[in-house]
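Report on the structure
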Amino acid sequence: MSRRRLTQRQKARIQSIQQQRREKISKRVQQSLTKAGALPTQAGRVIIRHGATLGVEDSDGRIFQCLTRQNIGHPVCGDRVVWQPVDETTGVVTALLPRESVLSRPDFSGQEKPLAANISQLVVVLAPQPEPSGYLLDQYLVAAETIHVRPLIAINKIDLLSDQARAEFLERFARYGRIGYGLVVISAKQEHGLDSLIERLNGETSILVGQSGVGKSSLINALLPDHELETGRLSQATGLGRHTTSAATCYHLPQGGDLIDSPGVRSFRLSHLTLTQLEQGFIDLRPYLGHCRFSNCSHAHEPGCAIREAVSQGKLDPTRVAHFLRLAATLTRNA
Ligand code: GDP
Ligand code: ZN
């Protein structure tokens, strides 16, 4: 048998399996929709999603495996939805409620796909090791500002530094406090300073982002001691099985607040921006915008630039402005 024929047979087999799956799902949706038709609707929250299957939590904290009625959009983790229970464990989502914020990332074709919704706080984790990049930190802050989510900077692994090194290290980030950003200094390993973080997570829906190795997993384990158990409970309730590890999941923190996590959420980065979004994303630049001599000032070389003047007067941080110009140059190159 030729290679090509084998491949075609394999292809046909895969297609047939996929077709069967689609039919099974659509049959389930149809059955659920018929059954759900007469039932009262209720509000719920998507706390996990994998493919077409959602885990929706009701107001009593019970989780229902749900499918979505067609043409209502694509609910993601964190979305508030209207749904109808079908039986004790399943239901149908009938409407997607408006989102306060949405985190998305480009898919293979470059189209933005939502990852998580209704996030209120983006915690940027950094540490003495791996060596932090102020440029990357500023990109996270711009990303947070662009999607209207409040950033919080968490400086982890503080146990690695002696008193003096620690003071020097913290001084490097003091500028962010002066701009108005919240900072917490912690050690996930020694569980130091976690109270201040826990307090700031209360009442918020947060995500953790940051370079690999800064301690995001360690932090999640420290904040959610039952996180493995919870994952088990969710995979059972939603029937997702082992797939839950890749799906965005919303965890309830024991001391209040929610944490949405997934590999995709953790590696969230700045996507395509306009120059205006970039300018607005540097909150310290905002008071000076619109005050340059030229309305289309690039803030790089023009005379009468309000931003460069503020730098020379010590009112703006030169490193932040340099990062702004570096990011603006990448926009120009991409345009
Ligand atoms: P992630 O890639 O951001 O999820 O980082 P991990 O949680 O996997 O942590 C990377 C490494 O840093 C691991 O070896 C952790 O044990 C270590 N680590 C995490 N938090 C701390 C901390 O607060 N102090 C110290 N000394 N090491 C830490
Ligand atoms: Zn200017």
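Residues numbered from 1 in each chain as written. Chains lettered and ligands numbered in written order. Predicted model: local features only at pLDDT ≥ 70, side-chain atom pairs only at ≥ 80, totals over all residues. Heavy atoms only, no water.

**A word on the packing of aromatic side chains**
- Considering all chains together, one arrives at 3 aromatic pairs under this definition.
- A centroid spacing of 4.6 Å and a plane angle of 50° characterise the contact between Phe64 and Trp83, whose relative ring orientation is tilted. Here Phe64, found in strand E3 (residues 63-68), pairs with Trp83, found in strand E4 (residues 80-85); they are 19 residues apart in sequence, far enough to count as distant. Across the pair, exposure class does not vary: Phe64 and Trp83 are buried alike.
- Ring centres 5.6 Å apart and planes at 85° place the aromatic pair Phe282 and Phe324 in the edge-to-face group. A residue pair is termed long-range when its members are at least 10 positions apart, and Phe282 in the loop between helix H8 (275-281) and helix H9 (306-312) and Phe324 in helix H10 (residues 318-334) qualify at 42 residues. The pair formed by Phe282 and Phe324 is uniform in burial state, with each residue classed as buried.
- Arg326 extends its terminal NZ or CZ atom over the ring of Tyr135, reaching a point 3.6 Å from the ring centre. (Phe/Tyr/Trp six-rings, centres within 6.5 Å; stacked < 30°, edge-to-face > 60°. Helix = DSSP H or I, 4+ residues; strand = E, 2+ residues; numbered from the N terminus. Buried < 20%, exposed > 50% of the residue type's maximum accessible area, 1.4 Å probe, protein only. Lys NZ or Arg CZ within 6 Å of the ring centre and 35° of its normal.)

**As for empty space enclosed by the protein**
- For the structure shown, the criterion picks out 2 cavities of 30 Å³ or more.
- Put simply, the largest cavity is a space of about 70 Å³.
- Looking at the largest cavity, the residues that line it are Val124, Val125, Leu126, Pro132, Ser133, Leu136, Leu137, Tyr140, Gly210 and Gln211.
- Sorting the residues of the lining of the largest cavity by element identifies strand E8 (121-126) and helix H2 (134-146) as the ones contributing at least two each.
- Class assignment for the residues of the lining of the largest cavity results in 7 nonpolar, 3 polar and no charged.
- Estimated volume of the second largest cavity: approximately 40 Å³.
- Surrounding the second largest cavity, Ile198, Leu201, Leu223, Leu253, Pro254, Gln255 and Gly256 form its lining.
- Split by residue class, the lining of the second largest cavity holds 5 nonpolar, 2 polar and no charged. (1 Å grid on protein atoms, 1.4 Å probe; cavity = no way out; pocket = protein on both sides within 12 Å on 5 of 7 lines; lining within 4 Å. Points joined across faces, edges and corners; volume = space filled by probe spheres on them. Nonpolar A, V, L, I, M, F, W, Y, C, P; charged D, E, K, R; others polar.)

**Some thoughts on the packing of helix H4 (residues 194-201) against helix H5 (residues 216-223)**
- At a minimum axis separation of 12 Å, H4 and H5 run at an interaxial angle of 80°. If you check the angle between H4 and H5, you find them roughly perpendicular. For the pair H4 and H5, contact is made by Leu194, Leu197, Ile198 and Leu201 and by Leu219, Ala222 and Leu223, respectively.
- In terms of residue class, the contact of H4 with H5 is built from 7 nonpolar, no polar and no charged. (Axes fitted to C-alpha atoms, helices over the stretch in contact; angles between N-to-C directions. Parallel < 35°, antiparallel > 145°, perpendicular 65-115°, else oblique. Contact = heavy atoms within 4.5 Å.)

**A look at the pairing of strand E2 (residues 53-57)**
- Within E2, 5 of the 5 residues are buried, which leaves the element mostly enclosed by the surrounding structure.
- Burial along E2 is two-sided: the face carrying Thr53, Gly55 and Glu57 and the face carrying Leu54 and Val56 are both buried.
- Bridge analysis of strand E1 (residues 42-50) against E2 gives 5 bridges, and the strand direction is antiparallel. If you follow His50 over to E2, its bridge partner there is Thr53.
- Two strands pair when backbone bridges link them, and E2 and E3 are joined in this way by 4 bridges, in the antiparallel orientation. When the bridges of E3 are listed, Leu54 appears paired with Cys66.
- The antiparallel pairing of E2 with E3 creates a hairpin that spans 5 residues between the two strands, and Gly61 there sits at a positive phi of about 85°. (Pairing = 2+ DSSP bridges.)

**Re the environment of Thr41**
- In this structure, Thr41 sits in the loop between helix H1 (3-36) and E1.
- Its relative accessible area of 47% is what places Thr41 among the partly exposed residues.
- Sequence separation between Thr41 and Ala95 is 54 residues, and the spatial gap between their C-alpha atoms is 9.8 Å.
- When near neighbours in sequence (up to four residues on either side) are disregarded, Thr41 contacts Val82, Trp83, Gln84 and Thr94.

**Some words on the layout of surface pockets**
- One number sums up the size of the second largest pocket: a volume of about 320 Å³.
- Looking at the second largest pocket, it is lined by 17 residues, and the ones nearest its centre are Arg49, Pro114, Leu115, Ser246 and Ala248.
- Sorting the residues of the lining of the second largest pocket by element identifies E1, strand E6 (102-106), strand E7 (112-117) and helix H7 (263-266) as the ones contributing at least two each.
- Per-element accounting of the lining of the second largest pocket gives the leading share, 3 residues, to E7.
- Classifying every residue of the lining of the second largest pocket gives 8 nonpolar, 5 polar and 4 charged.

**As for the coordination of the zinc ion (ligand 2)**
- For the zinc ion (ligand 2), the protein coordination sphere consists of Cys292 (SG), Cys297 (SG), His299 (ND1) and Cys305 (SG), at 2.1 to 2.4 Å.
- Bound by 4 donor atoms, the zinc ion (ligand 2) shows angles of 102 to 113° at the metal and therefore tetrahedral coordination geometry.
- Its relative accessible area of 4% is what places His299 among the buried residues. (Donors = N, O, S within 2.8 Å, 3.2 Å for Na, K, Ca; no water. Tetrahedral: all angles 85-135°; square planar, octahedral: opposite > 155°, others 65-115°.)

**Focus on the site of ligand 1**
- In the vicinity of ligand 1 lie 16 residues, with Asp159, Gly213, Lys216, Ser217 and Ser218 positioned nearest.
- One of the backbone nitrogen or oxygen atoms of Lys189 is found 3.1 Å away from an oxygen atom of ligand 1.
- Relative to its unbound accessible area of 580 Å², ligand 1 is 72% covered by the protein chains.
- With 3 residues, H5 is the largest single contributor of residues to the shell around ligand 1.
- Taken together, the residues of the shell around ligand 1 sort by class into 3 nonpolar, 8 polar and 5 charged. (Near = heavy atom within 4 Å. Polar contact = N/O pair within 3.5 Å; in protein donor to acceptor, adjacent residues only side chain to side chain. Areas by Shrake-Rupley, 256 points an atom, 1.4 Å probe, with all protein chains shown as cover.)

By themselves, these observations are geometric and do not establish any function.
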